[in-house]
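# Structural overview for review
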Amino acid sequence: MQRPDAPEEPVEPIIAPEPDPTVKVPLALEDWLAVILLALLALITFANVLVRYFTDQSFAWTEEISIFLLIVLTMAGGSMAFVRNHHIRIEILADNGSPRRQRILALIANVCVLLFFVMLTVLSARLVYDEFRYEETSPAIGVPTWWYSVWLPLMAALISARVLGTLMRLVRGQAK
């Protein structure tokens, strides 16, 4: 017997998910990277909570590793957002008006994003080089800080490549 408050037919989602754009490098790479990083963050945090609860001590290294994992996770999420066109924007300006106006605004936005991430790649690579050259070490576990920092220019370069691909699809008229 069916509950009286249960709907009789399946409920459609209000917003249907858009299909991923056709890209040469699969977006599953960033998806799986995000899943793995979130799992690692959860495990590290859970282990630290257990240790702190039972021993009144804390792992010193968990904060450093967690910050590092959060930075890489944020960059992977940013990469996915730009390719899937889910990045932050003012939708009343970006999604209204003629298709030509929308395309021009999308081109301008993607060029600005590309310039930002290219500059971030270059400047963060210089930071990594300085940390390597001056042999800086982390305060909690004493490992070279460039081990953590090297992922910022790599992920910024990945986002730059993803945004460049989106920009090329926009120029060819294959993306919104």
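Where an unreviewed UniProt entry is consulted, the protein appears under the name TRAP transporter small permease protein, with the organism given as Bordetella genomosp. 1. Regarding the protein, the UniProt comment filed under Subcellular location (unreviewed entry) reads as follows: "Cell inner membrane".

## As for the UniProt feature "transmembrane region" (unreviewed entry) in the protein
The positions that UniProt labels "transmembrane region" (unreviewed entry) are, in the present scheme, residues 32-53, 65-83, 104-125 and 145-164. Here residues 32-53 is 100% helix and 0% strand, with 31 Å between the C-alpha atoms at its ends. In the segment residues 65-83, helix accounts for 100% and strand for 0%; the C-alpha atoms at its two ends are 27 Å apart.

## Remarks on the nonpolar core
Of all hydrophobic cores here, the largest spans 26 residues; its most connected members are Leu69, Met75, Phe82, Phe117, Ile159 and Val163. When contributions to this core are tallied by element, the ones reaching two or more residues are helix H1 (28-55), helix H2 (61-83), helix H4 (99-133) and helix H6 (151-172). Top element by residues in this core is H2. It accounts for 9 residues. In this structure Leu69 touches Leu37, Leu40, Leu41 and Ile44, once residues within four positions along its chain are discounted.

## Let's talk about the packing of aromatic side chains
For the structure shown, the criterion picks out 7 aromatic pairs. Aromatic pair Phe116 and Phe117: ring centres 5.0 Å apart, planes at 85°, arrangement edge-to-face. Using a relative accessible area of 45% as the deciding quantity, one classes Phe116 as partly exposed. With 6.5 Å between their ring centres and 85° between their planes, Trp146 and Trp147 make a pair best called edge-to-face. When its relative accessible area of 28% is taken as the criterion, Trp146 is described as partly exposed. Ring pairs connect the aromatic residues Phe82, Phe116 and Phe117, which therefore count as one cluster.

## Some remarks on a nonpolar patch on the surface
On the surface, a cluster of nonpolar side chains totalling about 540 Å² of accessible area is made up of Ile90, Ile92, Leu93, Ile104, Leu105 and Ile108. Per-element accounting of the nonpolar patch gives the leading share, 3 residues, to H4. By the secondary structure assignment, Ile92 is in helix H3 (residues 91-94). Ile92 gets classed as exposed once you look at its relative accessible area, which sits at 60%.

## Thoughts on the packing of H4 against H6
Following both chains from N to C, one finds H4 and H6 inclined at 160°, their axes separated by 8 Å at the closest point. Between H4 and H6, the angle is such that the two are roughly antiparallel. The way H4 lies across H6 gives a crossing that is left-handed. Class assignment of the residues belonging to the contact of H4 with H6 gives a composition of 20 nonpolar, 5 polar and 1 charged.

Rules and cut-offs
Note on numbering: residues in each chain are counted from 1, in written sequence order. Whole-chain, interface and lining totals are the exception, using all residues; otherwise, since this is a predicted model, local features are given only for residues with pLDDT of at least 70 and side-chain atom pairs are given and counted only at 80 or more. Only hydrogens and water are removed before side-chain values are computed, so all heavy atoms of the structure are retained for them. UniProt positions are given in the numbering used here, feature names are shortened, and annotations may be inferred rather than shown by experiment. Think of it this way: any DSSP run of H or I at least four residues long counts as a helix, any run of E at least two long counts as a strand, and we number them from the N terminus. What we call a nonpolar core is a set of buried Ala, Val, Leu, Ile, Met, Phe, Trp, Tyr and Cys residues that are connected through their side-chain atoms within 4.5 Å. Note on classification: 1.4 Å probe, protein chains only; a residue is buried when its accessible area is under 20% of the maximum for its type, exposed when over 50%, partly exposed between these limits. Note on definitions: a residue-residue contact is assigned when non-hydrogen atoms from the two residues lie within 4.5 Å. A pair of Phe, Tyr and Trp rings is counted when the ring centres sit within 6.5 Å of each other, with Trp represented by its six-membered ring. The angle between the planes then sorts it: under 30 degrees is stacked, over 60 is edge-to-face, the rest tilted. Exposure above 30% relative accessible area and the lack of any salt bridge qualify a residue for a patch; like charges then connect within 9 Å, and the nonpolar side chains Val, Leu, Ile, Met, Phe, Trp and Tyr within 5 Å. Here the Shrake-Rupley method, with its probe set to 1.4 Å, supplies the accessible areas, and only the displayed protein chains count as covering residues. One side-chain nitrogen of Lys or Arg within 4 Å of one carboxyl oxygen of Asp or Glu is enough to make a salt bridge. Helix axes are fitted only over the stretch in contact, all axes being lines through C-alpha atoms; the angle between N-to-C directions runs from 0 to 180 degrees. The labels follow the angle: roughly parallel below 35 degrees, roughly antiparallel above 145, roughly perpendicular from 65 to 115, and oblique for the rest. By definition, any crossing whose near helix is turned counterclockwise from its far helix by less than a right angle is left-handed, and any crossing with a clockwise turn is right-handed. Polarity classes work like this: nonpolar for Ala, Val, Leu, Ile, Met, Phe, Trp, Tyr, Cys and Pro, charged for Asp, Glu, Lys and Arg, and polar for all others, with Gly in that last group.

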